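Examination of the molecular architecture
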Amino acid sequence: MNMKSFVGSLMMACASFVYAQAPNIPVDLSLGESIVFIKNENKWGIDLETTIFKPEGTGPFPVVVLNHGKAPGGSNKFQERNRPLPAVRELLQRGYAVVAPMRQGFANSGGVTVGDSCNIEANGNAQALDVQAVVDWLKKQSWADTTRMVMMGQSHGGLTTLAYAQTPDSGFKVFVNFAGGLKFTRDCDWQRSLKNAYESYGAKTKAESIWFYGANDSYFPPDVIHPAHAAYVASGGKGELVAFGIFGSDAHAMFGSYAGLPIWWKRVEARMAAAGLPTQVIHPKYAYSRTARPAASGFAEVTNADKLPYANDTMRATYQRFLTSALPRAFALDREGLTGFAFGGDDPLKRALDFCNRKGKGECKLYAVDNDVVWLEEIKY
């Protein structure tokens, strides 16, 4: 067996392992969501798991490519596929198809992730090759208008976006970097490496970009990103830095939050409009609507499962799972002891109630939301 065949076999073996381990997140048909596997022929035919959201109609639709970050801790093969719903919903409303590829070694994509050497410039360039494979595939799709495209990336995906912008397809009109970069925690001067990467990218990039970084970003705080941005601009790059200050407990999460939309959407929308891209809302049905959040009732501490009304062993076990789930989250129950809980994504309050009511008589009420009990002792059915 020659070396290329050996490496190809190794990649396929790794791909099979990844397929078995990554989380299985159901698609949301109301958002025109589907999953395809796009083959990167330049890397031994590695399949790249790609989530696609399409608005109603047949197109061709303008396209936004969203590049994902690198989840903290654990192995990249356990990472969920990229579904930044706040951005997806804004774009679907305006008639865009949204394409979110997982690069090699992430989630259910084949292959292995690029090594963790301190050469951040090379890492970004390697990531951009996977993105190029997806762009090449898009140009063969009848539903995609690849003369009108936008690229956005968050964290590792922001680095990938800036790397790709060095030699982009002519169809890309706007590039957006949300908290982009790559950080190493081992013995490595990664801050200098990041600055050098951006300096090199800036020297080779003619396209303009806009960058969003917050003051309390746990990965790339101002004392790291400002010198890197300055190096990008000094070498010839055209990148506008939007330093938006404090956001929540960690500004690194701004892009994935509905609360972050007021910070970035209008600025990006203005750039899209200036580039001749559509910005008018034509599909309002994709807008985010959510169930009103009840106020904390003081009925009990959220961690006190002994106060659950109508409790049984199944309810207590389900509630413990709820308590270990990530925010936002909601837990619902009814007097028959049935439950439902949901976390993350769109409107977990509604999803928790819907799940509970599907099992019962439609009488479920919210018990807890996030870290608060909202149940009122005087609630009557």
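This report concerns the structure included in the present document. (Residues numbered from 1 in each chain as written. Predicted model: local features only at pLDDT ≥ 70, side-chain atom pairs only at ≥ 80, totals over all residues. Heavy atoms only, no water.)

Once that is clear, we can look at the nonpolar core. Counting 43 residues, the largest nonpolar core has Leu194 and Tyr198 as the members making the most contacts within it. Ranked by the residues each element gives to this core, the list is headed by helix 3 (residues 120-138), at seven residues. Contacts of Leu194, omitting those with residues within four sequence positions, involve Ile120, Leu159, Gly181, Leu182, Phe220, Val224 and Ile225. Among the nonpolar cores identified, the runner-up in size contains 32 residues, and Phe53, Ala100, Val242 and Leu277 belong to it. (Core = buried A, V, L, I, M, F, W, Y, C linked by side-chain atoms within 4.5 Å. Buried < 20%, exposed > 50% of the residue type's maximum accessible area, 1.4 Å probe, protein only. Helix = DSSP H or I, 4+ residues; strand = E, 2+ residues; numbered from the N terminus. Contact = heavy atoms within 4.5 Å.)

Attention shifts here to the packing of aromatic side chains. Per the stated rule, a full pass over the model turns up 25 aromatic pairs. With a centroid separation of 4.3 Å and 25 degrees between ring planes, the pair formed by Phe178 and Phe255 is classed as stacked. Taken together, the positions of Phe178 in strand 6 (residues 172-178) and Phe255 in the loop between strand 8 (238-243) and helix 7 (261-274) put the pair 77 residues apart, joining distant regions of the chain. Note on Phe255: relative accessible area 7%, which makes it buried. Considering the side-chain rings of Phe322 and Phe341, the 6.3 Å spacing of their centres and the 75 degrees angle between planes classify their relative orientation as edge-to-face. (Phe/Tyr/Trp six-rings, centres within 6.5 Å; stacked < 30°, edge-to-face > 60°.)

Now for the environment of Lys238. Position of Lys238 among the secondary structure elements: in strand 8. For Lys238, a relative accessible area of 48% gives the class partly exposed. Linking Lys238 and Ile210, residues 28 residues apart in sequence, is a C-alpha distance of 8.4 Å. If sequence neighbours within four positions are ignored, Lys238 has contacts with Lys206, Ala207, Glu208, Ser209 and Tyr232.

What follows is about the pattern of salt bridges. Close approach of charged atoms allows side chains with opposite charge to pair. The full count for this structure, using the stated rule, is 19 salt bridges. Ionic pairing is found between Arg293 and Asp370, a salt bridge with its closest N-O pair at 3.7 Å. With Arg293 in the loop between helix 7 and helix 8 (313-323) and Asp370 in the loop between strand 11 (365-369) and strand 12 (372-373), this pair connects stretches of sequence that are 77 residues apart. Overall, the relative accessible area of 39% leaves Arg293 in the partly exposed class. In this structure, a network of salt bridges that share partners links the residues Glu90, Arg94, Lys266 and Glu269. (Salt bridge = Lys/Arg side-chain N within 4 Å of Asp/Glu carboxyl O.)

As a further point, take the sheet that holds strand 10 (residues 339-343). Taken together, four strands build an open sheet; the order of strands is 10-9-11-12 and the sheet is antiparallel. The open sheet has two edge strands, strand 10 and strand 12, and neither has a second partner. Bridge count for strand 9 (residues 329-333) against strand 11 is four bridges, and the pairing is antiparallel. Across the sheet, residue Leu333 finds its bridge partner in strand 11, namely Lys365. Packed onto the sheet, helix 8 meets strand 9, strand 10, strand 11 and strand 12 and runs at close to 170 degrees relative to strand 9. Where helix 9 (residues 348-359) meets the sheet, its contacts fall on strand 9, strand 10 and strand 11, and the angle it forms with strand 10 comes to roughly 155 degrees. (Pairing = 2+ DSSP bridges. Axes fitted to C-alpha atoms, helices over the stretch in contact; angles between N-to-C directions.)

Moving on: the state of the cysteines. A disulfide bridge is the covalent bond that connects two cysteines by way of their sulfur atoms. Overall, the coordinates contain two disulfides when judged by the stated rule. In this model Cys118 forms its disulfide with Cys188; the gap between the sulfur atoms is 1.7 Å. With the S-S dihedral at roughly 65 degrees, the linkage between Cys118 and Cys188 falls on the right-handed side. Taken as a pair, Cys118 in the loop between strand 4 (97-101) and helix 3 and Cys188 in the loop between strand 6 and helix 5 (190-204) lie far apart in primary sequence, 70 residues in all. Residue classification places Cys188 among the buried positions, given a relative accessible area of 15%. Two residues share a disulfide in this structure: Cys356 and Cys364, whose sulfurs sit 2.0 Å from each other. Of note, the bridge from Cys356 to Cys364 carries an S-S torsion of about -70 degrees and is left-handed in sense. The pair Cys356 / Cys364 is uniform in exposure class, with both members buried. Each bonded cysteine of the protein chain gets a number by its place in the sequence, and the pairs then read 1-2, 3-4. (Disulfide = S-S within 2.5 Å.)

With nine of nine residues buried, helix 2 (residues 85-93) lies mostly within the body of the structure. Buried residues of helix 2: Leu85, Pro86, Ala87, Val88, Arg89, Glu90, Leu91, Leu92 and Gln93, and no others. Next to the buried residues of helix 2 lie strand 2 (46-53), strand 3 (61-67), strand 4 and helix 7. Looking one or two residues beyond helix 2, the residue adopting positive phi is Gly95, at roughly 90 degrees.

Within a regular strand, side chains alternate between the sheet's two faces. Counting buried positions along strand 5 (residues 144-154) gives nine out of 11 residues, so the element sits mostly inside the fold. With seven bridges joining them, strand 3 and strand 5 adopt parallel strand pairing. Pairing of Val64 across the sheet is with Val150, part of strand 5. Inspection of the sheet shows strand 5 paired to strand 6 by six bridges, in the parallel sense. Across the sheet, Met152 pairs through a bridge with Val176, a residue of strand 6. Viewed along the sheet, the connection from strand 5 through helix 4 (residues 156-164) into strand 6 turns out right-handed. (Right-handed = clockwise from strand over helix to strand, strands pointing away.)

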